[in-house]
Structures are given as structure tokens and as C-alpha cells.
Amino acid sequence: HMARNLATAVTAAELALERPLTDDEIMHVATSFERPAGRLEVIPSNDGLTWVNDSLASNPFGAAAGIAAHHRSPLVLIIGGGDRGVDPTELLDAITAHGRVRAVVAMGEAGSNWATRLRALATHVELIDADDVEAGAAAAAPATPTAAAPHRRTTGAHQRDRPSGAAPPPDP
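Residues numbered from 1 in each chain as written. Predicted model: local features only at pLDDT ≥ 70, side-chain atom pairs only at ≥ 80, totals over all residues. Heavy atoms only, no water.

## Topic: helix 3 (residues 60-69)
Note the threshold: Residue burial is assigned from relative accessible area. The probe radius is 1.4 Å, only protein chains are included, and a residue is buried under 20% of its type maximum, exposed over 50%, and partly exposed in between. Helix numbering and strand numbering both begin at the N terminus, where a helix is a DSSP run of H or I of at least 4 residues and a strand a DSSP run of E of at least 2. Polar contacts here mean pairs of N or O atoms no more than 3.5 Å apart (in protein, one a potential hydrogen donor and the other a potential acceptor; neighbouring residues in sequence count only if both atoms are side-chain atoms).
Of the positions making up helix 3, those classed as buried are Pro60, Gly62, Ala63, Ala64, Gly66 and Ile67. Sitting at the head of helix 3, Asn59 places a side-chain oxygen 3.0 Å from the backbone nitrogen of Phe61.

## Looking at the environment of Asp132
Summarising the element assignment, Asp132 is placed in the loop between strand 5 (126-130) and helix 6 (133-140). Sequence separation between Asp132 and Gly81 is 51 residues, and the spatial gap between their C-alpha atoms is 9.3 Å.

## Digging into the packing of helix 4 (residues 89-98) against helix 5 (residues 108-121)
As a reminder of what qualifies: The axes are straight lines fitted to the C-alpha atoms, using for helices just the contacting stretch, and the angles between their N-to-C directions are given from 0 to 180°. Each angle receives one of four descriptions, namely roughly parallel if under 35 degrees, roughly antiparallel if over 145, roughly perpendicular if within 65 to 115, and oblique otherwise. Crossings are assigned a handedness: left-handed for a near helix turned anticlockwise from the far helix by less than a right angle, right-handed for a clockwise turn. The contact rule is simple, with two residues in contact once any of their heavy atoms fall within 4.5 Å. Three classes are used, and their members are as follows: Ala, Val, Leu, Ile, Met, Phe, Trp, Tyr, Cys and Pro are nonpolar, Asp, Glu, Lys and Arg are charged, and the others, Gly among them, are polar.
It is at 10 Å that the axes of helix 4 and helix 5 come closest, and there the two elements cross at 40°. In terms of axis orientation, helix 4 runs oblique to helix 5. Classified by chirality, the crossing of helix 5 by helix 4 is right-handed. When helix 4 is examined against helix 5, the residues Thr89, Leu91, Leu92, Ile95 and Thr96 are found in contact with a partner set consisting of Trp114, Arg117, Leu118 and Leu121. Residues of the contact of helix 4 with helix 5, tallied by class, amount to six nonpolar, two polar and one charged.

## Looking at the pattern of salt bridges
The criterion, for reference: For salt bridges, the criterion is a side-chain nitrogen of Lys or Arg within 4 Å of an Asp or Glu carboxyl oxygen.
Overall, the coordinates contain two salt bridges when judged by the stated rule. Here Glu25 and Arg19 are joined by a salt bridge, their closest N and O atoms 2.7 Å apart. Across the pair Asp87 and Arg117 runs a salt bridge, and its minimum N-O distance is 3.8 Å. On the criterion of sequence distance, the pair formed by Asp87 in the loop between strand 3 (75-80) and helix 4 and Arg117 in helix 5 is long-range, its members being 30 residues apart.

## Remarks on the packing of helix 3 against helix 4
Viewed as axis vectors pointing N to C, helix 3 and helix 4 meet at an angle of 15°, and their least axial separation amounts to 8 Å. The angle between the axes of helix 3 and helix 4 places the two elements in the roughly parallel class. Helix-helix and strand crossings are classified by hand; for helix 3 and helix 4 the assignment is left-handed. In this structure, helix 3 uses Pro60, Phe61, Ala63, Ala64 and Ile67 to contact helix 4, whose residues at the interface are Glu90, Leu91, Ala94, Ile95 and His98.

## A closer look at the confidence of the model for the protein
One rule of thumb: low pLDDT means the predicted coordinates there are not for detailed reading. As a reminder of what qualifies: The predictor's confidence in any single residue is recorded as pLDDT, a number from 0 to 100.
A residue-level look at the protein finds 79% of positions with pLDDT of 70 or above and a mean pLDDT of 76. Here helix 7 (residues 157-161) is the element of the protein with the lowest mean pLDDT, 31, and helix 5 is the one with the highest, 90. Across residues 144-172, confidence stays below pLDDT 50; counting only partners more than four residues off in sequence or on other chains, it has 89 contacts.

Spelled out as C-alpha cells, the structure:
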């Protein structure tokens, strides 16, 4: 996904300049390209865990790409929110294929519906029900050294306190 964003940036620059970029210019674009906030954004923490805000992955395709980006890491995922009627198959397939997803924290109507489907697909994944991000983070913290939040929107006070969708590090 991020490779496509980079390719789009290079293409846009070439169109604006009306010429191909040189190798040095492409290397400059590649090394200076910054991810947008909320896309695989590491949240500083002192609890020994790596918290990743992937709240821009607000669809199963984007969330699946976020999971793939952590192909070597054990994960706890926080998924769900309001049910918008989207098909979660790609996300559920990514969870089962990853092999290192240890737990899924299901929140809201979508999380509950998706967890029901996931139970049949990935018996090795612990499923945790939670009412909010803080409860999900507290439940997830002991399960793994890495946690990601690929499909969760937060509203209200959560947006004022940290990037949208960011799972808060538990208190030390």
C-alpha cells in the first residue's frame, strides 16, 4: 500500500515537471516520503510494547495491508466499531494467513460480527470483547509484545488526547 503511495508521488512529480525523474530525484522522494499520521504510526510508549496506530486503515483491505506490514511480529489487533456493512473477508483472511496474530480485540457491532466469523477460521487466535479502546488495550497488553489498531475509529475525547484510532499504552 505504501509502495503505491510512493509510486503515486513519483508519478505526480513527473507529471508536474513534465519529465521523468532522475534516479537521484526518485531516491530523494523515497527517502523523504513520510507516512500520514494514523497509517502504521508507532505511538511512543514505555510499557515494553509497540503500539501502532493504523486508524486510516478503516476498511478491510487497508487493515489487511497493515497486518502484512507486520509479517515478522506477533500482533494483537483491535478491530470493529460501527457496522457499515462492509465485507470483512479480506481482513479475516489476512488474520488467519498471518500466523502470528495472537489475539483480536473485538469492539462494537462490526467487531462482534467479525469475531463470530473469525472463531470458525482461526481457532489459534484469542478473541477478546471490549467496550472501548482503553479496555481493549488493557486486555491486549499482556498477550504480545506488539499491538496494532487497524480498524478502529475513535471519537470525542480520544481524538483530543491522541491520534484518531490510537490505542493508548496501558499505565505502567
